[in-house]
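# Reading the structure
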Amino acid sequence: MNTADALASSPFLQALAGQKPSRTPVWFMRQAGRSLPEYLKVREGIGMLESCQDADLITEITLQPVRRYGVDAAIFFSDIVLPLKAVGVDLEIKPGVGPVVADPVRTMADVEAIPDLTPEHVPYITEAVQNLTGELAGINGGTPLIGFAGAPFTVASYLVEGGPSKEYAKTKALMFGAPDVWDALMRKIAGISAAFLEVQVRAGASAVQLFDSWAGACTPADYERHVLPYSTEVMTRIGELGVPRIHFGVNSAMLLPLMGSAGAEVVGVDWRTPLDWAIDQLGDGFGVQGNLDPALVFAPTEIMLEQAGKIIETGRRAKGHVFNLGHGVIPTTDPDQLARLTEFVQSYPLD
Ligand code: CP3
């Protein structure tokens, strides 16, 4: 079987396409990372953003959870702020903190100083995706690669706040107080995120996920007016490449139909949101992804699996269902629990 045929029978891609796979596909947000001893080993002495610019390290780290768990998709190892770093924004990822930006963006001149992203800024991304799609074709009969980017609101929040935030006060001050600067900033990031995704798709990624992790900080009305148009721009550009699109946010219950309307085939559901309610909100037009509480992996195995079974049963009602956690893997997670969870989901009978 050649690569294209193998991927055509991928349960993950079938679920994204709204076909009914023979079993529920599963992968985990942040499946590569600190919960894996093999990750900590290869990252020793190497900074986070440095490792995201090394094609061999990206390839190795992306493959680690696929080898260990046999998950149904690989997610490209990078970060939502990597494209900003690549175009020259002065930022770092501080361990235990997150992205920190040296000179926060507040004015039109600040926005105009950020260059657009071209493939020449990220040659290591193209190289890593090409290496990965070659390797992944031979794993478990063909494992698809998910490309990803940060959505404009979430990326803007780091640029404007200068780092992680709880209230997004400066971000909202700009959104409401300087709509022209906000518009220019969101357009700029939409262009960068779309270009970053295009590089990954052109090099061979089979699907994309747009992470708008912090969009849940917006009311539906504010999201619709000040965020949705820019995420739609990203999704429209990727839609033209013909790959399926997943749109995910945390605390996003009130935003689910709007996030779907940005142009996604599948909407990621945060663990706080009852999956059956989310499916009703989204209607027949969308698949869903999620949504086990990442902390339930710390519960006794039978309790974790009981809840996972309920999620699989509920997911059958949706146009398509990809099993995942309802946010990223917690760094102290026991990988053996994720191995048991993967095995359980993949062997759960669907008829
Ligand atoms: O999912 C995967 O396995 C792919 C890799 C991935 C990373 N970041 C690697 C990473 C993905 C998809 C991301 C996306 C990302 N980055 C998001 C959206 C997803 C989400 O979690 O909501 C956000 C908000 C960021 C920004 C960011 N980068 C944060 C908040 C942190 C954590 C800071 C910390 O130390 O707790 C990072 C750093 C980061 N990105 C790590 C990893 C594996 C940990 C740093 C390390 O291993 O040294």
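Note that this is a predicted model, so its numbers are computed, not measured.

## Notes on the overall build of the protein
Helix and strand counts for the protein come out as 17 helices and nine strands. Relative to the 2.2 N^0.38 estimate, which gives 20 Å for 351 residues, the radius of gyration of the protein is 19 Å and therefore close to what a compact globule would have. A total of 351 residues make up the protein; the buried ones form 58% of that total. Within the protein, counting contacts between residues at least 6 apart in sequence, those at least 24 apart form 73% of the total. Surface summary for the protein: the accessible area is close to 13,800 Å², and the carbon and sulfur share equals 52%. Between the mean site of the 26 positive side-chain charges and the mean site of the 41 negative ones, the protein shows a separation of 3 Å.

## Examining the sheet that holds strand 8 (residues 287–292)
The seven strands lie next to each other as 1-4-5-6-7-8-9, forming an open sheet whose pairing is parallel. Looking at strand neighbours, the two that pair on one side only are strand 1 (74–75) and strand 9 (321–325), the edges of this open sheet. By the bridge criterion, five bridges tie strand 4 (residues 145–150) to strand 5 (residues 207–211) in an arrangement that is parallel. Looking at strand 5, one finds that F148 is bridged to Q209.

## A short note on helix 16 (residues 301–315)
The end-to-end C-alpha separation of helix 16 is 21 Å, in line with the 21 Å expected for 15 residues at 1.5 Å each. Of the positions making up helix 16, those classed as buried are M304, L305, A308, G309, I311, I312 and G315. Along helix 16, the residues classed as buried sweep out an arc of 165° about the axis, all on the same side. Contact partners of the buried residues in helix 16: helix 15 (275–282), strand 8, strand 9 and helix 17 (335–347).

## Re helix 13 (residues 228–239)
Here helix 13 contains twelve residues, and its C-alpha end-to-end distance of 16 Å stays within 8% of the 16 Å for a straight helix at 1.5 Å per residue. For helix 13, the complete set of buried residues consists of L228, Y230, S231, V234, M235 and I238.

## Notes on the UniProt feature "binding site: substrate" (unreviewed entry) in the protein
As recorded in UniProt, the sites labelled "binding site: substrate" (unreviewed entry) are R30, Q31, A32, G33, R34, D79, Y158, S213 and H327. Considering the C-alpha atoms alone, the annotated residues occupy 298 residues of sequence and remain spread out, their largest mutual distance being 22.8 Å. When only the residues just named are considered, the largest pocket is lined by R30, Q31, A32, G33, R34, D79, Y158, S213 and H327. Given the relative accessible area of 54%, R30 is considered exposed. Apart from residues lying up to four places away in sequence, R30 is in contact with G328 and V329. Note on placement: H327 falls in the loop between strand 9 and helix 17. Relative accessible area serves as the criterion here: at 25%, H327 is assigned to the partly exposed category. In contact with H327, other than residues within four places in its own chain, are M29, W214, F248, V250, W271 and P294.

## Things to note about the layout of surface pockets
Here the largest pocket defines a volume of roughly 1,400 Å³. Taken together, 50 residues line the largest pocket, and the ones lying closest to its centre are R30, R34, M48, D79 and G98. Those elements giving two or more residues to the lining of the largest pocket turn out to be helix 3 (37–43), strand 2 (91–94), strand 3 (98–101) and helix 9 (152–161). Of the residues contributing to the lining of the largest pocket, the split by class is 27 nonpolar, 15 polar and eight charged.

## Considerations on the pattern of salt bridges
The full count for this structure, using the stated rule, is eleven salt bridges. D280 is the salt-bridge partner of R317, the closest N and O atoms lying 2.5 Å from each other. Of the two residues, R317 is situated in the loop between helix 16 and strand 9 and D280 in helix 15; the sequence distance between them amounts to 37 residues. According to the relative accessible area criterion, R317 is partly exposed, its value standing at 48%. Residue R316 is joined to E313 by a salt bridge in which the shortest nitrogen-to-oxygen separation is 3.3 Å. Classification of R316 by relative accessible area gives partly exposed; the value is 34%. Its relative accessible area of 37% is what places E313 among the partly exposed residues.

## Overview of the environment of G147
Examined against the element boundaries, G147 turns out to sit in strand 4. Dropping the residues within four chain positions of it, G147 is found in contact with L197, Q200, A205, A207, V208 and Q209.

## Quick look at unusual backbone geometry
Note that the residue after G290, namely N291, is joined by a cis bond; omega there is -10°. Among the structural elements, N291 can be located in strand 8. Of note, the phi angle at R30 is positive, near 60°, even though the residue is not glycine.

Rules and cut-offs
- Residues numbered from 1 in each chain as written.
- Predicted model: local features only at pLDDT ≥ 70, side-chain atom pairs only at ≥ 80, totals over all residues.
- Heavy atoms only, no water.
- Helix = DSSP H or I, 4+ residues; strand = E, 2+ residues; numbered from the N terminus.
- Rg over C-alpha atoms; globule rule 2.2 N^0.38 Å.
- Buried < 20%, exposed > 50% of the residue type's maximum accessible area, 1.4 Å probe, protein only.
- Contact = heavy atoms within 4.5 Å.
- Areas by Shrake-Rupley, 256 points an atom, 1.4 Å probe, with all protein chains shown as cover.
- Lys, Arg positive; Asp, Glu negative; His and termini not counted.
- Charge placed at Lys NZ, Arg CZ, Asp CG, Glu CD.
- Pairing = 2+ DSSP bridges.
- Expected span 1.5 Å × (residues − 1).
- Arc of directions from axis to C-beta.
- UniProt positions renumbered as here; feature names shortened; annotations may be inferred.
- 1 Å grid on protein atoms, 1.4 Å probe; cavity = no way out; pocket = protein on both sides within 12 Å on 5 of 7 lines; lining within 4 Å.
- Points joined across faces, edges and corners; volume = space filled by probe spheres on them.
- Nonpolar A, V, L, I, M, F, W, Y, C, P; charged D, E, K, R; others polar.
- Salt bridge = Lys/Arg side-chain N within 4 Å of Asp/Glu carboxyl O.

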